[in-house]
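# Examining the three-dimensional arrangement
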Amino acid sequence: MAERKIRVLVAKPGLDGHDRGAKVIAQAFRDAGFEVIYTGLRQTPERIVATAEQEDVDCVALSMLSGSHLTLMPKVTKLLKEKSMDDILVVGGGVIPNEDIPLLKEAGVSEIFTPGTPTSLCAEYIKNNIHLK
Amino acid sequence: MDRIEKIRNGDVRTASRLIRDLEDEFPQAVSAIKELYPYTGQARVVGLTGAPGAGKSTLTDGILEALRKKGKSIGVLAVDPSSPYTGGAILGDRIRMQRHAEDPKVFIRSLATRGALGGISKAVGDSIHVLDSMGKDFVIIETVGIGQQEVEIMNYAHTVIVVLVPGMGDGVQTIKAGIMEIADVFVINKADRDGADTLAAEINLMLDMAASNQQIWRTPVVKIGNVINASEFKQGIDELLGHVDKHFQYLQNSGEIKQKMKNKALFEIKAALNNNINQVIYEQLLNDGSLETMINKMTERSSDAYTLSETVTAKYLKNI
Ligand SMILES: Nc1nc2c(ncn2[C@@H]2O[C@H](COP(=O)(O)OP(=O)(O)O)[C@@H](O)[C@H]2O)c(=O)[nH]1
Ligand SMILES: [Mg+2]
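Residues numbered from 1 in each chain as written. Chains lettered and ligands numbered in written order. Predicted model: local features only at pLDDT ≥ 70, side-chain atom pairs only at ≥ 80, totals over all residues. Heavy atoms only, no water.

## Looking at the overall build of chain A
Within chain A, the regular secondary structure consists of 5 helices and 5 strands. Beginning at the N terminus, the succession of helices and strands in chain A can be written as β-α-β-α-β-α-β-α-β-α. By the compact-globule yardstick of 14 Å for 133 residues, chain A fits well, its C-alpha radius of gyration being 13 Å. Viewed in the frame of its principal axes, chain A has a C-alpha envelope of about 45 × 30 × 25 Å. Counting the 133 residues in chain A, one finds 53% classified as buried. Summarising the internal contacts of chain A: among those between residues at least 6 apart in sequence, 71% fall at separations of at least 24. Of the roughly 5,800 Å² of accessible surface on chain A, 53% is carried by carbon and sulfur atoms. Averaging the positions of the 16 positive and the 18 negative side-chain charges in chain A gives two centres separated by 4 Å. (Helix = DSSP H or I, 4+ residues; strand = E, 2+ residues; numbered from the N terminus. Rg over C-alpha atoms; globule rule 2.2 N^0.38 Å. Buried < 20%, exposed > 50% of the residue type's maximum accessible area, 1.4 Å probe, protein only. Contact = heavy atoms within 4.5 Å. Areas by Shrake-Rupley, 256 points an atom, 1.4 Å probe, with all protein chains shown as cover. Lys, Arg positive; Asp, Glu negative; His and termini not counted. Charge placed at Lys NZ, Arg CZ, Asp CG, Glu CD.)

## Some details on the coordination of the magnesium ion (ligand 2)
Residues and elements named next belong to chain B. Bound to the magnesium ion (ligand 2) on the protein side are S57 (OG), D93 (OD) and E142 (OE), at distances that span 2.1 to 2.2 Å. When the donors of the magnesium ion (ligand 2) are listed by position in the chain, the intervening gaps give S-x35-D-x48-E. On the criterion of sequence distance, the pair formed by S57 in helix α4 (residues 56-69) and E142 in strand β5 (residues 138-142) is long-range, its members being 85 residues apart. Relative accessible area serves as the criterion here: at 8%, S57 is assigned to the buried category. Among the residues examined, E142 registers a relative accessible area of 3% and is labelled buried. (Donors = N, O, S within 2.8 Å, 3.2 Å for Na, K, Ca; no water.)

## Concerning the pairing of strand β4 (residues 89-94) of chain A
Residue and element names in this part refer to chain A. Extensive coverage of β4 is indicated by the burial of 6 of its 6 residues. With 6 bridges connecting them, strand β3 (residues 59-64) and β4 associate as parallel partners. Looking at β4, one finds that C59 is bridged to L89. Each parallel crossover has a hand, and the one from β3 via helix α3 (residues 69-82) to β4 is right-handed. Here β4 pairs with strand β5 (residues 111-113) via 3 bridges, running parallel. If you follow G93 over to β5, its bridge partner there is F113. Crossover β4 to β5 through helix α4 (residues 101-106) is right-handed. (Pairing = 2+ DSSP bridges. Right-handed = clockwise from strand over helix to strand, strands pointing away.)

## Observations concerning the site of ligand 1
Residues and elements named next belong to chain B. Taken together, 16 residues lie near ligand 1, and G53, K56, T58, R96 and K190 sit nearest. Here an oxygen atom of ligand 1 and a side-chain polar atom of R96 are 2.7 Å apart. Between ligand 1 and G225 there is a distance of 3.2 Å, counted from an oxygen atom to a backbone nitrogen or oxygen. Compared with its free state, where it exposes 590 Å², ligand 1 has 76% of that area covered by protein. Sort the elements by how many residues they give to the shell around ligand 1 and α4 lands first, with 3 residues. When the residues that make up the shell around ligand 1 are grouped by side-chain class, the tally is 4 nonpolar, 7 polar and 5 charged. (Near = heavy atom within 4 Å. Polar contact = N/O pair within 3.5 Å; in protein donor to acceptor, adjacent residues only side chain to side chain. Nonpolar A, V, L, I, M, F, W, Y, C, P; charged D, E, K, R; others polar.)

If you want it as structure tokens, here you go:
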């Protein structure tokens, strides 16, 4: 029987112009054997969700630096839910204050990886927590 | 609604799941293709090939814009290489096309090669059928284009666009025969760079020399300027699409389209035969241990590959 290849969308919402972190994580996921769909900078939540649908991903990984994580990450989870795509695992990474993490988890973000988390750990978390279709 | 109806109604999620099932070689995907096949053959299939960085994704974005202005619906299959070490891949062609992501008439799907060597992935042929049966007017395929061997696209596309860039080692001497012959239209991209005119002249000269009397289609060479210069770039895209249309008309008027479709059918039959016969037997040999035995016989020099495979043929293919 054939096996599912894990597909992950690495997206960078928000307006800041750096995607070094997102690129590093994309490479780490590729090295973990994932097929990574990489969309570049300044993706709106609507665009991220449309892309997740067309690409049939198991996980959306949001990389954020800009500080608007409290609005943008819940917007992504909300849109996914509206489109009945909330079987997709949503994780976040970037400079996110500890006190915000419970709020994001409440909003449906499964895990937040703060700077310094080994990338292999993020990949491991995704492997263990996605719902393969 | 079953999934066949959903796909025929253009349902994105059902289609993208089917493409995934095809990539992962799920048996139920094959039964969907059997049902969809009668509804295919409507979409125009256009392939883009050329070295990485030549600007294929940027051109695709421009083509999407131009075709959308004409009210066309489009499916894009963008292929990037899988890592031979981890099997992972970074699929980044979409970056250049993301402004179309929310357009319901545009469906962009990234595919990894998964070890296939022809510049596209094994699932591309059937994925075209999926987009075609969704009712897309155009299907655009962006190939990997690492070297010069990636010519498999010619088996699937009505029109193949080969993208070259001045100063990227795309001189005429370096263009291998295969890639030259599959081009229905040449694009000299980033034509704002030095050497664009020389490259165009070289290609034209070569095309003139290669032209035979029976050959009616003379491959056009289109120069497309810097994407930063929006109006010039758009003009180049329009010119390109004009040639793509003319090429399609040529295929129809000359009747060449019939031969092309026959070649495509043959290619797909060969792939299916390989799946249904070769791979099935191979897996059987692997599972019952006879492959191991065969390997040992060969290394001991007690038999050879031809004798061994004849034994297999005699056992499994009784009517040959
Ligand atoms: N100077 C110039 N650069 C371009 C042009 N088109 C694309 N590029 C750049 O070339 C790079 C590769 O483009 P991309 O479309 O991803 O190439 P692909 O690998 O063939 O798909 C990007 O940095 C583009 O911004 C062009 O017309 N002129
Ligand atoms: Mg590309």
